[in-house]
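Reading the structure
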2 protein chains.
Amino acid sequence: MTDADFEELTLKALGSSTPRVWSFLVTMFGDLALAPEARLSGATVNALTAAIGIKPEATRVALHRLRKEGWIESHRSGRQTRYGLTSHGRSETKAAWPRVYGTSSSDHPVYFVLENPSEPVDQARFPQSAATVQIGPRSFVTTARATDEHQLHVPLDSNGPLPDWISEKLCPPELQSASQDLSRRFEYVLRRSDFGALSLLQLVALRVVVVHEWRRLILRSSAFPEYIMPHGWKGPDCRDAFATLLDHLPVPNLSTLDQDLETG
Amino acid sequence: MTDADFEELTLKALGSSTPRVWSFLVTMFGDLALAPEARLSGATVNALTAAIGIKPEATRVALHRLRKEGWIESHRSGRQTRYGLTSHGRSETKAAWPRVYGTSSSDHPVYFVLENPSEPVDQARFPQSAATVQIGPRSFVTTARATDEHQLHVPLDSNGPLPDWISEKLCPPELQSASQDLSRRFEYVLRRSDFGALSLLQLVALRVVVVHEWRRLILRSSAFPEYIMPHGWKGPDCRDAFATLLDHLPVPNLSTLDQDLETG
């Protein structure tokens with residue numbers, strides 16, 4: 001595939017905006033170099049960012065920022081600098097892993113919770129592990145189980161569709177649009193890509209783009225099960241297309257990639 | 001039974017306060033004279049109120065008030081005035097009849113309802129036939145079925161006990177106390193009464209007292225099913241004792257009662 005063809009493909013995959021470089025690097029390290037000893041050479045990082053039109057200077061600034069924030073660390077070996085996730089960056093990546101790479105969304109029960117309106121407002125809150133959205137005064141929709149006997153805590157599972165004003169708080173209209181947009185972009189990439197014609201670098205760059213776009217969408221959404229989400233949310237379609245795309249775009253062997261870049 | 005013994009019994013049955021006379025008359029007519037042609041003579045009304053210590057003057061004032069309010073009407077026959085329910089009084093009595101005389105409370109499902117907090121507040125309300133209590137801002141517990149797709153409307157049936165602050169709104173502590181008090185009074189009357197030793201007038205007066213006390217309690221409570229009421233609510237105990245008491249205190253034949261008073 002020519003560089004121009006590839007550029008068009010990645011532009012379509014990325015939609016209306018080039019990703020923030022540091023965020024793209026977070027995806028790249030989390031996707032390609034999650035293992036404790038995994039490293040990406042500076043050359044590889046630059047080649048992958050350059051493949052989607054990011055300038056070396058911008059990549060250097062982003063690498064610097066991520067090192068300062070303790071997300072990645074550099075390792076010198078001879079004349080080369082290689083980069084890997086810190087244990088902090090690795091544990092944050094792992095925490096998000098099930099939502100990004102998991103094969104389906106949660107099927108947790110969802111509850112409506114009402115706090116006692118005459119209690120002081122600074123009450124115990126919901127655990128961070130739960131998806132929780134406030135929908136009105138002292139009123140919440142959450143996947144957290146009942147812990148406080150003073151809260152009304154009733155399951156929403158077996159009921160009809162939620163009123164629109166509630167499901168739009170669980171998944172706002174702009175997020176629904178974003179999911180529809182990503183679903184269209186993933187369909188486009190699946191339809192237009194001749195994956196066999198891509199170079200190894202192109203394959204890997206496209207993989208990181210795809211992971212990045214999906215990761216951004218799914219981590220913007222609250223982890224409610226799909227049955228409670230509005231119809232406009234196309235997360236499940238995106239997840240299916242994502243899984244198919246990853247089948248075409250497997251994780252590379254990093255030393256093969258490094259070698260490929262050196263010789264290529 | 002001596003008048004003094006009967007007076008002690010009715011005082012115990014009535015608890016801490018003599019009933020409001022007009023309210024006692026509403027019970028009396030509703031219980032003894034619900035049939036369209038049923039009449040109570042002035043003499044009978046006076047004898048029954050006098051039996052529980054109400055002065056003739058107070059009875060006259062209450063009869064006047066109830067006539068003015070269109071609840072009862074008077075019928076002259078010779079020198080006697082006889083009283084009966086108006087059709088208004090009869091239909092109001094019939095509306096309350098199932099809750100007062102019914103053998104069990106409703107087993108309607110109960111729902112929690114939340115209105116959209118960003119909607120204007122003057123929205124459609126719940127039907128009058130439903131038991132409904134507001135428990136917080138835009139939040140209700142009701143037996144009304146869902147009618148408005150903009151409301152969150154979830155059943156409370158299969159859940160554990162409600163938080164105290166909610167069940168106390170469905171049945172406030174003072175009403176729980178009143179039910180405990182009435183339960184004790186009914187037990188006392190059942191234990192202490194030698195029903196066979198009561199005169200017909202005493203039997204009927206005691207019946208009206210018992211109906212009146214139960215009617216006041218049950219009509220002060222919201223018609224929620226018992227499973228959702230707090231443990232302190234002794235309505236079911238009162239209802240059982242009420243049924244047993246009515247077995248001992250049957251509805252009299254009104255002309256027998258009139259005759260009994262004339263000859264006695």
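Further up the page is the structure itself.
Attention here is on the structure that accompanies the text. Please read these numbers as outputs of a predicted model, since none were measured by experiment.

Thresholds applied
- Here, residues in each chain are numbered from 1, in the same order as that chain's written sequence.
- Here the convention is simple: chains get letters from A, ligands get numbers from 1, in the order in which they are written.
- Residue-level local features of this predicted model are given only where pLDDT is at least 70; pairs of side-chain atoms are given and counted only at 80 or more, and the full residue set underlies all totals for whole chains, interfaces and linings.
- Side-chain measures here rest on the full set of heavy atoms in the structure, leaving out hydrogens and waters.
- Note on terminology: a nonpolar core comprises buried Ala, Val, Leu, Ile, Met, Phe, Trp, Tyr and Cys residues joined through side-chain atoms within 4.5 Å.
- With a 1.4 Å probe rolled over the protein chains alone, any residue whose accessible area is under 20% of its type maximum counts as buried; one over 50% counts as exposed, and the rest are partly exposed.
- Helix and strand labels come from DSSP, where a helix needs a run of H or I of at least four residues and a strand needs a run of E of at least two; each type is numbered from the N terminus.
- Residue contacts follow a heavy-atom distance rule, with two residues in contact if any of their heavy atoms lie within 4.5 Å.
- Helix span, as expected, comes to 1.5 Å for every residue beyond the first.
- Superposing copies: least-squares fit, C-alpha atoms only, residues required to have pLDDT of at least 70 in both.
- Note on aromatic contacts: the rings of Phe and Tyr and the six-membered ring of Trp form a pair at centre separations within 6.5 Å, being stacked when their planes are under 30 degrees apart, edge-to-face when over 60 apart, and tilted otherwise.
- In our convention, an over-ring charge means Lys NZ or Arg CZ found within 6 Å of a ring centre and within 35 degrees of that ring's normal.
- Being paired, for any two strands, means DSSP has found at least two bridges between them.
- The convention used is that axes are lines fitted to C-alpha atoms, helices contributing only their stretch in contact, and that angles between N-to-C directions extend from 0 to 180 degrees.
- Here is the rule for angles: anything less than 35 degrees is roughly parallel, anything more than 145 is roughly antiparallel, 65 through 115 is roughly perpendicular, and the remaining ranges are oblique.
- Under this grouping Gly is polar, as are all residues other than the nonpolar Ala, Val, Leu, Ile, Met, Phe, Trp, Tyr, Cys and Pro and the charged Asp, Glu, Lys and Arg.
- Each of two parts loses accessible area, computed with a 1.4 Å probe, when they are put together; buried area is these two losses added.
- For this analysis, a salt bridge means a side-chain nitrogen from Lys or Arg found within 4 Å of a carboxyl oxygen belonging to Asp or Glu.
- Any pair of nitrogen or oxygen atoms within 3.5 Å is treated as a polar contact; in protein, a donor-acceptor pairing is required on top of that, and neighbouring residues in sequence qualify only through side-chain atoms on both sides.

**A short note on the nonpolar core**
- Formed by 150 residues in total, the largest nonpolar core has its most connected members in Phe29 and Leu206 of chain A together with Phe29 of chain B.
- The element best represented in this core is helix H8 (residues 200-220) of chain A, accounting for 12 residues.
- Those residues in contact with Phe29 of chain B that lie beyond four places of it in its chain are Leu34, Leu40, Val45, Leu63, Ile72, Tyr83, Gly84 and Leu85 of chain B.

**Considering helix H8 (residues 200-220) of chain B**
- Relative to the 30 Å expected for 21 residues at 1.5 Å per residue, H8 of chain B spans 30 Å between its end C-alpha atoms, a close match to the ideal helical length.
- For H8 of chain B, a buried count of 16 out of 21 residues is recorded, marking the element as mostly surrounded by other parts of the structure.

**Some words on the relation of the copies chain B and chain A**
- If you rotate chain B by 179 degrees and push it 0.1 Å along the axis, it lands on chain A with an RMSD of 0.1 Å. This pairing of chains is accounted for by a two-fold axis.
- Of the residues that chain B buries at the interface, 95% are likewise interface residues in chain A, meaning the two copies contact each other through the same surface.

**Brief notes about the packing of aromatic side chains**
- Evaluated as defined, the whole model comprises nine aromatic pairs over all chains.
- Ring plane angle 25 degrees and centroid distance 4.8 Å describe the contact between Trp97 of chain A and Tyr101 of chain A, whose orientation is recorded as stacked. One end of the pair is Trp97 of chain A and the other is Tyr101 of chain A, both in helix H5 (residues 87-101) and four residues apart, which spans about a single turn.
- With a relative accessible area of 39%, Trp97 of chain A lands in the partly exposed category.
- Through a chain of ring-to-ring contacts, three or more aromatic side chains come together here, namely Trp97, Tyr101, Trp214 and Phe242 of chain A.
- Taking NZ or CZ as reference, Lys12 of chain B lies 5.2 Å from the ring centre of Tyr188 of chain B, over its face.
- Directly above the ring of Trp22 of chain B sits Arg65 of chain B, whose terminal nitrogen or CZ lies 4.4 Å from the centroid.

**A closer look at the sheet that holds strand E2 (residues 72-77) of chain B**
Residue and element names in this part refer to chain B.
- The sheet built from three strands is open, its strands ordered E1-E3-E2 with antiparallel pairing. Strands at the two margins of the open sheet, each flanked by one partner only, are strand E1 (40-41) and E2.
- As paired elements, E2 and strand E3 (residues 80-85) share six bridges and run antiparallel to each other. Opposite Ser74, over in E3, you have Tyr83 as the bridge partner.
- Against the sheet, helix H2 (residues 21-32) contacts E1, E2 and E3, and its axis sits at roughly 80 degrees relative to E3.

**Some thoughts on the packing of helix H3 (residues 42-51) of chain A against helix H10 (residues 254-263) of chain A**
Residues and elements named next belong to chain A.
- Contact pair H3 / H10: the axes reach a minimum separation of 10 Å and the direction vectors enclose 75 degrees. In terms of axis orientation, H3 runs roughly perpendicular to H10. Contact residues: H3 offers Ala43, Thr44 and Ala47, while H10 offers Leu257, Asp258 and Leu261.
- A breakdown of the residues in the contact of H3 with H10 according to their chemical character gives four nonpolar, one polar and one charged.

**What about the interface of chain B and chain A?**
- Contact with chain B, which involves 22 residues of that partner, is made by 21 residues of chain A.
- Across the chain B/chain A interface, buried area totals approximately 1700 Å², and carbon plus sulfur atoms make up 76% of it.
- Linking chain B to chain A there are zero salt bridges.
- Between chain B and chain A we count two residue pairs in polar contact (both at pLDDT 80 or more) in total.
- Counting residues per element, the side of chain B that touches chain A draws most heavily on strand E7 (residues 152-155) of chain B, which supplies four residues.
- Across the side of chain B that touches chain A, the residue classes break down as 13 nonpolar, seven polar and two charged.

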